[in-house]
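Residue-level listing of the chains:
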Amino acid sequence: MFNHLKDSAVKKCLELKSTLTPNRIDLLDLMIEIGKPLSAYEIKEVIKNKGNDLNISTIYRVMEFWCKNGTIHKITSLNKYTTCSNPEEIHLHIVNVCTNCDELSETCNKRMGLDFKKGSKSLGLSISPNSHIEIPVICMECQ
Ligand SMILES: [Zn+2]
Ligand SMILES: [Zn+2]
């Protein structure tokens, strides 16, 4: 399977000299194919239905790899993983999570008029690389 997210993920792996193991590729393909947030156990179920059985700790490890790589975001409030909708985004990724229907919409700090870099710098802190921020919102549908 080839798409924009995978293209950028592979590029980042080459830059960082990370190895693309079959499990890493399979799980990324799966997340792209499913196209919605999934928990580690949901991922395990989907893989199982495809005739492959992966250890839950392997799934966590692979997902952690893709999160660090900036290709997948772990949505802490839902305890689910989602593919990044704009991997080339140079600003801080912001994932808005509807607290009513769990709908996600991704944007960046710039488009939201937020300057976390400046704000944290004034406290002597810096934003951790390849991280994102979750904002609890009520989506348009639910208002
Ligand atoms: Zn993102
Ligand atoms: Zn909603």
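See above for the structure.
Let me sum up the structure you'll find in this document. (Residues numbered from 1 in each chain as written. Chains lettered and ligands numbered in written order. Predicted model: local features only at pLDDT ≥ 70, side-chain atom pairs only at ≥ 80, totals over all residues.)

Take the packing of helix 3 (residues 40-49) against helix 4 (residues 56-68) next. Interhelical geometry of helix 3 versus helix 4 gives an angle of 115° and a closest axis separation of 10 Å. In terms of their interaxial angle, helix 3 and helix 4 are classed as roughly perpendicular. Where helix 3 crosses over helix 4, the two elements pack in a sense that is right-handed. In this structure, helix 3 contributes A40, Y41, I43 and K44 to the contact, and helix 4 contributes I56, I59, Y60 and M63. Along the lines of polarity and charge, the residues of the contact of helix 3 with helix 4 split into seven nonpolar, no polar and one charged. (Axes fitted to C-alpha atoms, helices over the stretch in contact; angles between N-to-C directions. Helix = DSSP H or I, 4+ residues; strand = E, 2+ residues; numbered from the N terminus. Parallel < 35°, antiparallel > 145°, perpendicular 65-115°, else oblique. Left-handed = near helix turned anticlockwise from the far one by under 90°. Contact = placed C-beta atoms within 7 Å. Nonpolar A, V, L, I, M, F, W, Y, C, P; charged D, E, K, R; others polar.)

Contact geometry for helix 2 (residues 22-34) and helix 3: axes closest at 11 Å, N-to-C directions at 95°. Viewed along their axes, helix 2 and helix 3 adopt a mutual orientation that is roughly perpendicular. Residues L27, L30 and I34 of helix 2 form the contact with helix 3, whose own contacting residues are I43, V46 and I47. The residue makeup of the contact of helix 2 with helix 3, split by class, is six nonpolar, no polar and no charged.

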